[in-house]
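Observations on the three-dimensional arrangement
Next come the chains, spelled out residue by residue.
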Amino acid sequence: MTFFNYRDGELHAEQISLSSIAKQCGTPCYVYSRAAFETQWHSLNDAFDDHPHTIFYAVKANSNVAVLNILARLGSGFDIVSEGELRRVLKAGGDPAKVVFSGVAKSRAELAFAISNKVRSINIESVAELDRVQEVAAELNTTASIAIRVNPNVDPETHPYISTGMEKAKFGVTMEAAFEAYKKAAQMPNIDVHGVACHIGSQITKTSPFTDALTIVLDLVKRLAKEGIQIKQLDLGGGLGIDYQGETPPSAADYVKSMVDGIKAQDIDLPIGIEPGRYIAGNSGVMLTEVEYLKHNDSKSFAIVDAGMNDLLRPSLYQAHHEIIPVNKNTDETAKTYDVVGPVCESADVLGYDRTLKVKAGDLLAVCSAGAYGYVMSGNYNSRPRPPEIMVDGDDMHIVRRRETLDELTQGEAILP
Ligand code: LLP
């Protein structure tokens, strides 16, 4: 987490101390670093050098409009999975011509909105969806630019919940069915065959699953060319992993090089798109929380904090590890092993098991690597308002989403007459 560092024992985001943010904004809260988002994005973009490419940031990872706007200013494209995400991209100043639309269950209304906005590609996930896209485009009297999202049946060697490219997953179209679907698409009057898309999973920490999938995708591209169907873009999905706990994923340079080399080796010269989410956002944010109480049982000690699984779901849902570190290292407390638990009435509401910490009630902790799939997966379970999001930019901080209020929790609800 390059942009989150200790100075005189105090954890800072860029130039701003996290305790000053907690004082001003309260806890729990998410704190992001603009420089971190930009550095991650540039590292991928620069790695392509002069190879034609587009980075489609996966909006689902962190969809705050400030984040999207920061990336749009860099010229980023976006990978979306709903009309809501497309509306966010447009609001943030993103260019719909640099948007790809993934997802297995796109509704007619969502497709109509995306096609009218002329997104670069509808990434089609079933033959039934292809038929629907043709119908919607015909009704709008226009053409829809599409890719078929293929499922190469490659094991990304990651958590099963975030593995998408295997045959038993609901995502994508199997290779043989995709070949037939392209032939069908090429005959459809309101369809423009633009690309091939593929996304095999998330938090992938080796290059081999990516290159294995690429080989299969390139094979399809060559078969299609023989049928007279020219693919204009390869969209190779997201999935590049990050360091949560000492993992050593490939660098952006190695990851990109493996793909560029892979296509050159096959004499294929196509623009590459990638859909990174976690790589750009994950280590660009932390969640700040305050210790409410310490509690010691015969067998366990608990640090009970004010953030719970409704604020950061990953540990409960995926047994994901997030480092938990003190905001202020200057303390006289002695180190003890704690389960760091939240306020939600669920035994799964644990942010971290067996963490060695020197803490007392009132201390602040930072839950690391929370910039991706953090706030976006938060909810109101136990009627807990969702936390604010703060963007640090050098020595400035901006509240990019204010804390939800208790009154807002019942807005939209009604009692019977
Ligand atoms: N493209 C598509 C089509 C995807 O489904 C995803 C993620 C991405 C790109 C971005 O993948 P990334 O670069 O972030 O790995 N909530 C889970 C992650 C779910 C990922 C779903 N799809 C988590 O917290 O680990």
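Residues numbered from 1 in each chain as written. Predicted model: local features only at pLDDT ≥ 70, side-chain atom pairs only at ≥ 80, totals over all residues. Heavy atoms only, no water.

1. What to know about the domain arrangement of the protein chain
- By domain assignment, the protein chain separates into domain 1 (4-32 + 282-410) and domain 2 (34-281).
- Just the C-alpha atoms count here: the centres of domain 1 and domain 2 sit 32 Å apart.
- Contacts between the two partners involve 25 residues from domain 1 and, on the opposite side, 26 residues from domain 2.
- Our enumeration of links across domain 1 and domain 2 arrives at one salt bridge.
- The shortest N-O distance in the salt bridge between Arg34 and Asp393 comes to 3.0 Å.
- Across the contact surface, domain 1 and domain 2 share 16 residue pairs in polar contact (both at pLDDT 80 or more).
- Contributions of two or more residues to the side of domain 1 that touches domain 2 are made by helix 11 (314-318), strand 20 (389-393) and strand 21 (396-401).
- The dominant element in the side of domain 1 that touches domain 2, judged by the number of residues it contributes, is strand 20, at four residues.
- Looking at the side of domain 1 that touches domain 2 residue by residue, the classes come out as nine nonpolar, ten polar and six charged. (Domains from an automatic or database assignment. Contact = heavy atoms within 4.5 Å. Salt bridge = Lys/Arg side-chain N within 4 Å of Asp/Glu carboxyl O. Polar contact = N/O pair within 3.5 Å; in protein donor to acceptor, adjacent residues only side chain to side chain. Helix = DSSP H or I, 4+ residues; strand = E, 2+ residues; numbered from the N terminus. Nonpolar A, V, L, I, M, F, W, Y, C, P; charged D, E, K, R; others polar.)

2. Looking at the pattern of salt bridges
- Evaluated as defined, the whole model comprises 19 salt bridges.
- A salt bridge links Lys106 to Glu129, with the nearest nitrogen and oxygen atoms 2.6 Å apart. Note that Lys106 is positioned in the loop between strand 7 (99-101) and helix 5 (108-116) and Glu129 in helix 6 (residues 127-139), a separation of 23 residues in sequence.
- Classification of Glu129 by relative accessible area gives buried; the value is 6%. (Buried < 20%, exposed > 50% of the residue type's maximum accessible area, 1.4 Å probe, protein only.)

3. Considerations on the site of the ligand
- Around the ligand sit 19 residues in total, of which Ser202, Glu275, Arg314, Tyr318 and Tyr373 are the nearest.
- In the environment of the ligand, an oxygen atom lies 2.6 Å from a nitrogen or oxygen atom belonging to the side chain of Arg314.
- Contact with the protein chains covers 92% of the free accessible surface of the ligand, which is 590 Å².
- Within the shell around the ligand, the residues separate by chemical class into six nonpolar, seven polar and six charged.
- Here the shell around the ligand gathers at least three residues from each of two domains, domain 1 (4-32 + 282-410) and domain 2 (34-281). (Near = heavy atom within 4 Å. Areas by Shrake-Rupley, 256 points an atom, 1.4 Å probe, with all protein chains shown as cover.)

4. Comments concerning the packing of aromatic side chains
- Here the structure, examined in full by the defined rule, presents five aromatic pairs.
- Ring geometry for Tyr30 and Tyr375: centres 6.1 Å apart, planes at 85°, overall edge-to-face. Pair noted here: Tyr30 is in strand 4 (residues 29-33) and Tyr375 is in the loop between strand 19 (364-367) and strand 20, with a separation of 345 residues, a long-range link. Residues Tyr30 and Tyr375 agree in their burial class; the two are buried.
- Between Phe210 and Tyr255 the ring centres are 4.9 Å apart and the planes differ by 70°, which places this aromatic pair in the edge-to-face class. (Phe/Tyr/Trp six-rings, centres within 6.5 Å; stacked < 30°, edge-to-face > 60°.)

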